[in-house]
Amino acid sequence: MRKSLLALTAGLLLAGSLGAASAADKLKVGFVYVGPIGDLGWTYQHDLGRQALVKELGDKIETTYLENVPEGPDAERSIEQLVRAGNKLIFTTSFGYMDSTLKVAKKYPNVHFEHATGYKRNPNMSTYSAKWYQGRYIQGLIAAKMSKSGVLGYIGSFPIPEVVSGINATMLAAQTINPNIKVKIIWANTWFDPGKEADAAKALIDQGADIIMQHTDSPAAMQIASERGKLAFGQDSEMIKFGPKTQLTSILDTWGPYYIERVKAELAGTWKSENTWGGLDSHMFAMAPYTNMPDDVKKMAEDAQAAITAGKLHPFKCPIVGQDGKPVECKGGDHLDDGQILGMNFYVKGIDDKLPGK
Amino acid sequence: MELVEAIILAVLAASTPLLIAATGELVTERSGVLNLGVEGMMIVGAACGFAGAWLTGSVFIGALFGVVAGALMSLVFALMALGLAVNQVATGLALTILGVGLSGLIGAGFVGERITPAMHLYIPVLTDIPLIGRVLFGEDGFVYFSVALIAGVWWFLYRTRAGLILRACGDNHVSAHALGYPVLRIRTFAVMFGGACAGLAGAYLPLAYTPFFIPGMTAGRGWIALALVVFSSWRPGRLVVGAYLFGAVTILQLHAQGWGVGIPSQFMSALPYLATVIVLVLLSRARSGGSTAPAALGTVFVPDR
């Protein structure tokens, strides 16, 4: 009896491994998402990238994604789950997955990892991100031109360098148009909570802001601005549907080309651990059409976009003065260097607020 | 003055879903059943509520869809936890997981669609009174209903015989059973009332609060409603205090950030939880003291035949 059971088990195991072998012909690529794919924002755009990948290389690869994976210890388990399921290239698409991804990467040296928006790497772990501050600079120019009250409302998610550099780029641009421009900043301390984002937008408008900018993921703020007859910028994706007469533009994440490039490298065996930080010139993101503004403002925005793309205009051009009135050290020649922007933890002069934790 | 009015309006909007969901759960728990699936029932209510309103063009029918969806979800819970006497905590958690998945499935086709949100009351002259006009006479139907609901539940629990029987089931199901009351049937109704309320609270989000549907849009409000029930020590009056206090601190901390008060935003975000817990704990200490939880809460009851 025991023998036949053993034989049966062995048979099942064999069948199982055979099944795995046939599936292994295709490269398995995994994605870890922080929100639902229908969030119309951050995760939605990553999934559009994944879909572009499938469209391009669908006959050679198989993709799996896990949505709504909380940042923190839970993420580690989810990433490991993807490794165990046989994924050889895994994209973890939120800053908060950084340490979890690194931990799993060290444990499985034969699997390749790609972490979005982080700064920790390993021989089998790359990082990738986009220079969204370039887009924020363009938004700052538009905002200063379009604001009647001279007060911008900014909804932040978490006070991390990416968000802080976005606020600074916005203000540096706005100050070139209106030196006395003010910004009111509310931290939602969440990436995604439509109700709270709407409440933050209401609070900003009630306090006199007439342009709403957001670094959170849902279209709730856009909708409130639309309801109150104010103007707003979308985030991550096209949100004009929620404010046809409200959206000025939106920074659109376009991950597809990058995902295709990296998977091609993996298939060719040339994948290397890299740090990719692309801007408007490398199409890591795009600007949605400039709408709901007069032609001269639109032209200004387009000119700025062209100048940034051509490398003629740098949002963090020196001299840059910090909140304390002292100039910031200029490590990149005539502008701040990438390290200073990626680790930005100060506000520029003209922001009457205290950076949380400073 | 206008700012004060705007803040009060925002507080009422933020508190209403919590109040409705917590009211339902309070009745469920008072009958002795702990249903941890509020978040799941809410999110299904949100998806179905939006679907209903989108398909029919009527917010009212959308709200009914939400109510029915929440009640059906709770019926699944009742079948498992009451009918089959499965552990209530595990069943409730499973219900939340089921709800999150199910709502994504139902709502998938509606992501990115728009509806006309719930109308706000407008009575000439009255609604135009400064400061209190819009607060008292300019709300949407959900806000008025939530107040009527909690008042009705208070009256039911403390002023009717049926309410007394329901509380008896929650405190000592064996005695209630011995007196001839159909404990399981009463509890099933209580669970379904809780589910209907959770569904309505969920539907409020896409129908009035932020008029679009996105998976996961309840963002943990079901859990807050559950906590409010515990911290209100299962009393409707304190529940009202807790729900509005939570909403008020949530909105005020956002405004405080806009004013640049200089307190770390992480602390401000935690403040609603902290303030609500402290105030409700102080309230329940000031009175009688001791545990006020329904004595049979969460315990399985299998009637002997």
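Residues numbered from 1 in each chain as written. Chains lettered and ligands numbered in written order. Predicted model: local features only at pLDDT ≥ 70, side-chain atom pairs only at ≥ 80, totals over all residues.

Trainee: Pulling in residues and values, what's your account of the domain arrangement of chain A?
Mentor: Residues and elements named next belong to chain A. Entries for chain A in the domain assignment read domain 1 (26-130) and domain 2 (132-252 + 287-342). Relative placement of domain 1 and domain 2: their C-alpha centres are 28 Å apart. Listed per partner, the contact involves 12 residues of domain 1 and 12 residues of domain 2. Here the side of domain 1 that touches domain 2 is composed, by residue class, of seven nonpolar, four polar and one charged. (Domains from an automatic or database assignment. Contact = placed C-beta atoms within 7 Å. Nonpolar A, V, L, I, M, F, W, Y, C, P; charged D, E, K, R; others polar.)

Trainee: Describe helix 7 (residues 194-206) of chain A, with residues and values.
Mentor: Residue and element names in this part refer to chain A. Helix length check: helix 7 (13 residues) gives 18 Å between terminal C-alpha atoms against 18 Å at 1.5 Å per residue, within 8%. Most of helix 7 is tucked away, with 13 of its 13 residues classed as buried. Once helix 7 ends, the next one or two residues include Gly208, with phi positive near 105°. (Helix = DSSP H or I, 4+ residues; strand = E, 2+ residues; numbered from the N terminus. Expected span 1.5 Å × (residues − 1). Buried ≥ 20, exposed ≤ 12 C-beta atoms within 10 Å, placed from the backbone.)

Trainee: Can you lay out the packing of helix 1 (residues 2-30) of chain B against helix 6 (residues 141-159) of chain B for me, pointing to particular residues and giving the numbers?
Mentor: All names here are of chain B. Interaxial distance between helix 1 and helix 6 falls to 9 Å at its minimum, and their mutual angle equals 25°. Regarding the angle of helix 1 to helix 6, the classification is roughly parallel. At the point where helix 1 passes helix 6, the crossing takes the left-handed sense. On helix 6, the residues touching Leu12, Thr16, Leu19, Ile20, Thr23, Leu26, Val27 and Arg30 of helix 1 are Phe142, Val143, Ser146, Leu149, Ile150, Val153 and Leu157. Considering only residue class, the contact of helix 1 with helix 6 consists of 11 nonpolar, three polar and one charged. (Axes fitted to C-alpha atoms, helices over the stretch in contact; angles between N-to-C directions. Parallel < 35°, antiparallel > 145°, perpendicular 65-115°, else oblique. Left-handed = near helix turned anticlockwise from the far one by under 90°.)

Trainee: Describe the sheet that holds strand 2 (residues 61-66) of chain A, naming the residues involved and giving the relevant values.
Mentor: All names here are of chain A. Ordered by their spatial adjacency, six strands build an open sheet running 2-1-3-4-5-11, and the pairing between neighbours is parallel. What marks the edges here is a single partner per strand, and that holds for strand 2 and strand 11 (275-278). Here the strands of the sheet are splayed against their neighbours by 15° on average, with no regard to which way each runs. Sitting on the sheet, helix 3 (residues 73-84) is in contact with strand 1 (27-32), strand 2 and strand 3 (89-92), with an inclination near 165° to strand 1. Running over the sheet, helix 9 (residues 256-268) touches strand 1, strand 2, strand 3, strand 4 (112-116), strand 5 (125-130) and strand 11 and is turned about 145° from strand 1. (Pairing = 2+ DSSP bridges.)

Trainee: Give me the nonpolar core: which residues, what numbers.
Mentor: Core analysis: the largest hydrophobic core is formed by 184 residues, its most contacted members being Ala201 and Ala221 of chain A together with Ala21, Ala22, Tyr204 and Leu228 of chain B. Sort the elements by how many residues they give to this core and helix 9 (residues 183-209) of chain B lands first, with 17 residues. No fewer than three residues from each of domain 1 (26-130) and domain 2 (132-252 + 287-342) of chain A sit in this core. When sequence neighbours within four positions are dropped, the list of residues in contact with Tyr204 of chain B reads Thr16, Pro17, Ile20, Phe142 and Tyr209 of chain B. (Core = buried A, V, L, I, M, F, W, Y, C linked by C-beta atoms within 7 Å.)

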